[in-house]
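# Examination of the molecular architecture
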Amino acid sequence: MASHLPPKSTTQHSQPATAGVASQAHATPRGIKRWLLTTNHKEIGTLYLVLSLTMFFVGGLFAMVIRAELFQPGLQLVEPEFFNQMTTMHGLIMIFGAVMPAFVGLANWMVPLQVGAPDMALPRLNNFSFWLLPVAFTLLLSTFFMPGGAPNFGWTSYAPLSTTYSPPSTTFFIFSLHLAGISSILGAINIIATILNLRAPGMRLMDMPLFVWTWLITAFLLIAVMPILAGVITMMLLDINFGTSFFSAAGGGDPVLFQHLFWFFGHPEVYIMILPAFGIVSVIIPTFARKPLFGYASMVYATASIAILSFLVWAHHMFTVGLPLVAELFFMYSTMLIAVPTGVKVFNWVTTLFRGSITFEPPMLFALAFVVLFTIGGFSGLMLAISPADFQYHDTYFVVAHFHYVLVPGAVFAIMAGVYYWLPKWTGHYPNLRLGQWHFWLSVIGVNLTFFPMHFAGLAGMPRRIPDYALQFADFNMVTSLGAFMFGASQLLFVAVIVMCIRGGEKAPAKAWEGGEDLEWTVPSPAPLHTFETPPDFQPRQH
Amino acid sequence: MRMRLVRTAVGMALTGPFEVVLANGWNMPVGVTDLSRDIHTLHMVIFWICVVIGIVVFGAIFYSLFRYRRSRGAKASHFHEHTTVEVIWTVIPLLILVAMAIPATATLRDMYDASEADMDVLITGQQWRWRYEYRGEDVAFISSLATPREQIEGQAAKGEHYLREVDQPLVLPVDRKVRLLMTSDDVIHSWWVPDLGVKQDAMPGYINENWVRINEPGTYRGQCAELCGRDHAFMPVVVEAVEPEQFDSWLAERKAAAAEAAMGLDREWGLDELMERGEQVYGTICASCHQPDGGGSPPTFPALAGNQALMDDRERHIETVINGVSGAPMPAFRNTLDPVEIAAVITYERNAWGNETGDSVQPSAIAERIAD
Amino acid sequence: MSGGSYYVPVSSKWPVLASLAMGAIMAGAGTLLVFGRAGVPVMVIGLLAVLAVMTLWFRDVIHESRSGLYDARMDRSFRWGMGWFIFSEVMFFAAFFGTLFYVRTFALPWLDGEGAKGVAALLWPDFTASWPLLEPPDKAIQGPHETFSPWHLPLVNTLILVSSSITLTVAHEGLKEGYRTTARHWLTGTVLLGTCFIAIQGFEYHEAYTHYGITLQAGIYGATFFLMTGFHGLHVIIGTIILISILGRVIRGHFSRDDHFAFEAAAWYWHFVDVVWIGLFTFVYVF
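Note that this is a predicted model, so its numbers are computed, not measured. (Residues numbered from 1 in each chain as written. Chains lettered and ligands numbered in written order. Predicted model: local features only at pLDDT ≥ 70, side-chain atom pairs only at ≥ 80, totals over all residues. Heavy atoms only, no water.)

Right, let's get into the interface of chain A and chain B. For interface size, the figure often reported is the accessible area lost on association. Of the residues lining the interface, 98 residues belong to chain A; the matching set on chain B comes to 88 residues. Both sides together, the interface formed by chain A and chain B hides about 8,100 Å², and carbon and sulfur atoms give 70% of it. Interface area lost by chain A to chain B is led by Tyr165, Phe391 and Gln392 of chain A, which between them contribute 9%. The tally of links between chain A and chain B comes to one salt bridge. As a salt-bridge pair, Glu514 of chain A and Arg70 of chain B come within 2.6 Å of each other at their nearest N and O atoms. Joining chain A to chain B, the criterion identifies 24 residue pairs in polar contact (both at pLDDT 80 or more). In terms of residue count, helix α12 (residues 339-353) of chain A provides more of the side of chain A that touches chain B than any other element does, nine residues in total. Classifying every residue of the side of chain A that touches chain B gives 59 nonpolar, 27 polar and twelve charged. (Contact = heavy atoms within 4.5 Å. Buried area = accessible area lost by both parts, 1.4 Å probe. Salt bridge = Lys/Arg side-chain N within 4 Å of Asp/Glu carboxyl O. Polar contact = N/O pair within 3.5 Å; in protein donor to acceptor, adjacent residues only side chain to side chain. Helix = DSSP H or I, 4+ residues; strand = E, 2+ residues; numbered from the N terminus. Nonpolar A, V, L, I, M, F, W, Y, C, P; charged D, E, K, R; others polar.)

Have a look at this one:
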């Protein structure tokens, strides 16, 4: 039980004597205004995380509707049109509302703490980035109440289903994505400025924790591709409302052009959702293996290679749209190449475990599950890269299984690992260990029950985005639905753990995990509102 | 050719242990064309590569987790770099990938070689059915879902081929190379039959090529694979592969029938027979959007019942059905339906559900307009 | 790196108000496009609110800057921020240049029966690819009957914008040397040139619609033409507004010889807009 407690000698740091002193120096507004007007990176980080958790449940609710309808063949609960709205909004909310804000929230909290900065570089801009999101999602969710309902063309919004044939609410969907995109770009600018400009004296780039590194690269990707999304949805807007023909052959355009632009954004976007997860796992595994990360430099280079390659692989989402043979070959080769740096990362994590001294606190459990299950998603990704085989996999549940493996036990588990890891720093209390373990095991079982059978359903020929299916897919779907209900329900435990941890629990010292070596473990737990107002004295670890 | 033999042999070796699983529909079907077999082989090869790597990696993880637990008294060592090892695990995957890319490239080249086909079939996706045209043969028909509504809504027991049955399947000859040209009248669809190893998107305004040479007669089922709107799940593909001679006589029959249908253009049709034919066409073609009761689903699909503006403007009604509405979901039916069907359905729409205009539209008039 | 004293502002109400104002613009514009005029007041209120909030927000920043609260690191944060913001704008235009390239190199030849996907010509037997595209594949779409000669107004506009970059540089040099009056005059010149550009562009749009048949609905040529020149024009308008406010600050004597990042940021933005125009002139008008 007490295995996570560090040796007594280091607990002296935890005296909260200095906590709060700094915060009283500035007169901060109280109550709701405090949260609306804040410029503090920790408060904004909390806001992001709360928004993300809320959206995780909203998107999760949509997933439950989908799985309930698919529990057995036939149409039972919802009309096909509403079903399509559910799949679309589930994707949009989970990507733009749950996963991305969660990583930005973690970055807000932890990047300044890990580089020894007093706050984010541009604190007011930071607050602006956050508050754009609730506005954007209010706008997005309001589409449910419009005539014709919410967007129903899938999160990928392929024209012309999303233009000529779309419900009127599509215009609002486009505007809400514009707001979310602006938020992401400004947030990314802030993170880059913080990392490049506000590091503690003596901290070189190659001394930064990997979470910071991966976020630096992610922020670059965000700034590079969110404008592309803005551009392509603007073209949609014009096709819908102003009679242009970007995506219509009748006027000389091409529906495939939409897909090229969308995936030029969309593939880097996929890595935007996984690189910070790599960073979190790369920080957690060394902590609980009590051993430095193996191959720090190669981790950094692998992350950078993945980011660069992400600009060269977009059309592997489009193998069946009728690309010329050369294009098909180019994108097959470049996509296969991604397996190399990704493999390096996995091998590095495994080698970090090798000959360590390992304990299994909840953050570590989630991080380990990440490594195993993300790798399974990587394998199916490699299979999907083989273009001729992709002609059979494409748009089936095999693809759904693949991207859910990298996004749920991938990105989402990494986020949960990060939350468990840093909760002591945020609240000053350890999360309840026993409940955390329950949450972990139920999640792991639920996730695999949900997504593993999808591989079989897809290979056997079940297309994605259908509300009803042929009888041979019935068993797979029933298992999947049961798993999904289990996974969904077990997330209530996660909320319980967090709430309990905020309200009380075993007190955590400054260095909450004995293997934690980064700067955040040098400030008291809970971290006072203002930290590192004077830059800390940074000593590079001996390599 | 030798390459192909090697690939087939490899494929059989790899699938062997999975015979049982295959029979139960847990894996990609081997299919009935050379290409589908090649694809299946690639699939199995890459699958086993992943399994082997998985055993090594997961083995290492679980070994470490077990062996180096702190509760077993493990003391952490502090190594954190080893250039040789890092180079090895960069290079070996690279070599595996190159080895994998070679057969994949060969298969892809085969797939893209639609030249020297014996016949062309133009496949047109429409919300939510397929139209098949045997190019140069004057034979074309629409193929739509045959599963009754009651089965979908749970009021009747679901049949064996639930959602994978159509009124008229695509009939193809075995042992002949058939070039498939895909396009769409509205949104993107994707024509997919797993057993044939063909999945190709049907893009509006563009044409994609694929091809198939079926080795065994039989019925092969698939469905639309690209989200295409409300009834995306209800857009099956059924291909019936028959011996070449059988196919030739089938085609001759269809041609004769088509010629007969064209004869209807010569004569004056009565309101009742147009209404009867029109109701049938409306039910299979128009009702999916404009609803069986003509109520439509505004704003996207306008109502036809009680649509006074349309009833007052007969010309526009005819024009809309023949040429569609640019920038709206209404497709042009000039190539999809024959003049008799167009005349009949317009007549039906103008006289059903209380639209009692008393108009009848003659097939000959429609044929003339289309010819202009 | 200097130690300590990185300025972290106390709470501010501008960010949340700006978000709400942006939301109002978007909700208003959406309502206008989908449901009709009811959206106009919301959109206008949103626009005015954004302008007001930005003014007040920048007023705070200027005040802080002039009170000496910012150190060298803050200056670097601003520089990184502005630099990456301009990079994001570059990528926004990259999407449009990519569109133009794709349509001209792939889509149109394919529709005409050339290249790897030329079989598409079966659907458009009468179509001939050309650029500028005067006759779109579908005869129902009325293409432009004529396009602009690049060597008349577009060339004039190119010269205007290039000279405006030069005048701005002169103004900047003046500021750096401490010649405030020089800076003021040359900056005024830059603003005037920017305004001329906008006016000429407006006139060209008028011509496009009334005499040339180049409209948003005129097929892909009109669509790309207005998409690219339109968003560029919008950026020129924004840039001109920025320069006007900078001019106001120059007149008030805000900038010192070695500390005038706001001026530099505005200049960066203006040069970026200029570079985009040169791309447009080359690929939209000339070739």
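The next subject is the confidence of the model for chain A. With 94% of its residues at a pLDDT of 70 or more, chain A shows a mean pLDDT of 92. Below a pLDDT of 50 lies the segment residues 1-25 of chain A, which in the model reaches 34 contacts outside its immediate sequence neighbourhood of four places, other chains included. (pLDDT = per-residue confidence, 0-100.)

All names here are of chain B. Feature annotation in UniProt assigns "transmembrane region" (unreviewed entry) to the following positions: residues 39-66 and 87-106. Across residues 39-66 one finds 100% helix and 0% strand; the C-alpha atoms that close the span lie 39 Å apart. A helix fraction of 100% and a strand fraction of 0% characterise residues 87-106, whose end C-alpha atoms lie 29 Å from each other. (UniProt positions renumbered as here; feature names shortened; annotations may be inferred.)

Glancing now at the sheet that holds strand β9 (residues 218-223) of chain B. Residue and element names in this part refer to chain B. Read from one edge of the open sheet, three strands run β4-β10-β9, paired in mixed fashion. Of all the strands in the sheet, the pair left with one neighbour each is β4 (170-173) and β9. Between one strand and the next, the sheet's axes are offset by a mean angle of 25°, whatever the strand orientation. In this structure, β4 lies alongside strand β10 (residues 236-242), joined through four bridges in parallel fashion. What sits directly across from Leu170, in β10, is Val239. (Pairing = 2+ DSSP bridges. Axes fitted to C-alpha atoms, helices over the stretch in contact; angles between N-to-C directions.)

What follows deals with the pattern of salt bridges. When their charged atoms lie close together, side chains carrying opposite charge are able to pair. One pass over the structure, following the stated rule, counts 22 salt bridges over all chains. Here Glu137 of chain B makes a salt bridge to Lys255 of chain B, at a shortest N to O gap of 2.8 Å. Taken together, the residues Glu137 of chain B in the loop between β2 (129-134) and β3 (139-143) and Lys255 of chain B in helix α6 (residues 244-263) connect sequence positions 118 residues apart. The exposure class of Lys255 of chain B is partly exposed, given its relative accessible area of 38%. Salt bridges sharing partners connect three or more residues here, namely Arg290 and Glu514 of chain A together with Arg70 of chain B. (Buried < 20%, exposed > 50% of the residue type's maximum accessible area, 1.4 Å probe, protein only.)

Counting 376 residues, the largest nonpolar core has Phe96, Trp349 and Phe370 of chain A together with Tyr134, Trp191, Leu196 and Ile214 of chain B as the members making the most contacts within it. Sorting elements by how many residues they give to this core places helix α7 (residues 210-241) of chain A first, with 23 residues. Not counting the four nearest positions on each side in its chain, Ile214 of chain B is found in contact with Val32, Thr33, Leu172, Val174, Asp175, Arg176, Leu196, Tyr220, Val239 and Ala241 of chain B. Residues Met275, Met311, Val345 and Val361 of chain B belong to the second largest nonpolar core, which totals 27 residues. (Core = buried A, V, L, I, M, F, W, Y, C linked by side-chain atoms within 4.5 Å.)

For helix α7 (residues 261-286) of chain C, spanning 26 residues, the distance from its first C-alpha to its last is 36 Å, which sits close to the expected 38 Å at 1.5 Å a residue. In the structure, α7 of chain C departs most strongly from a straight axis at Leu280 of chain C, where the bend amounts to approximately 30°. (Expected span 1.5 Å × (residues − 1). Bend = angle between axes of the 7 residues up to and from the residue.)

As a further point, take unusual backbone geometry. With an omega of -5°, the peptide bond between Ser525 of chain A and Pro526 of chain A qualifies as cis. By the secondary structure assignment, Pro526 of chain A is in the segment after α17 (474-503). Residue Trp128 of chain B is bonded to the preceding Gln127 of chain B through a cis peptide linkage, with omega at 0°. Examined against the element boundaries, Trp128 of chain B turns out to sit in the loop between β1 (119-126) and β2. Even without a glycine there, the phi angle at Glu116 of chain B is positive, about 55°.

Before going further, it helps to spend a moment on the environment of Glu328 of chain A. You can see Glu328 of chain A is positioned in helix α11 (residues 325-337). Along the sequence, Glu328 of chain A and Ser387 of chain A sit 59 residues apart, while their C-alpha atoms lie 7.1 Å from each other. At 2.8 Å, the side chain of Glu328 of chain A forms a polar contact with the side chain of Tyr112 of chain B.

Our focus in this paragraph is the interface of chain A and chain C. At the junction of the two partners, chain A supplies 70 residues and chain C supplies 69 residues. Taken over both partners, the interface formed by chain A and chain C buries close to 5,700 Å², and the fraction arising from carbon and sulfur atoms is 76%. Between Arg124 of chain A and Glu64 of chain C there is a salt bridge, with its nearest N and O atoms 2.8 Å apart. The interface formed by chain A and chain C contains 13 residue pairs in polar contact (both at pLDDT 80 or more). Put simply, the parts of the chain that give the side of chain A that touches chain C at least two residues each are α2 (31-37), α5 (123-142), α6 (170-197), α7 and α8 (255-272) of chain A.

Our next topic: the sheet that holds β2 of chain B. All names here are of chain B. Overall, mixed pairing links the five strands, which are arranged β3-β2-β1-β5-β8 in an open sheet. Of all strands in the sheet, those with a lone pairing partner are β3 and β8 (208-212), marking the two edges. Taken pair by pair, the neighbouring strands of this sheet meet at an average axis angle of 25°, ignoring direction. Note: β1 against β2, six bridges, orientation antiparallel. Bridge pairing in β2 places Val121 opposite Tyr134.

Here we take up the packing of helix α15 (residues 397-427) of chain A against helix α16 (residues 433-459) of chain A. All names here are of chain A. Packing of α15 against α16 leaves a shortest axis separation of 7 Å and a crossing angle of 165°. As summarised for this structure, α15 and α16 are arranged roughly antiparallel, according to the angle between their axes. Here the hand of the crossing between α15 and α16 comes out left-handed. (Parallel < 35°, antiparallel > 145°, perpendicular 65-115°, else oblique. Left-handed = near helix turned anticlockwise from the far one by under 90°.)

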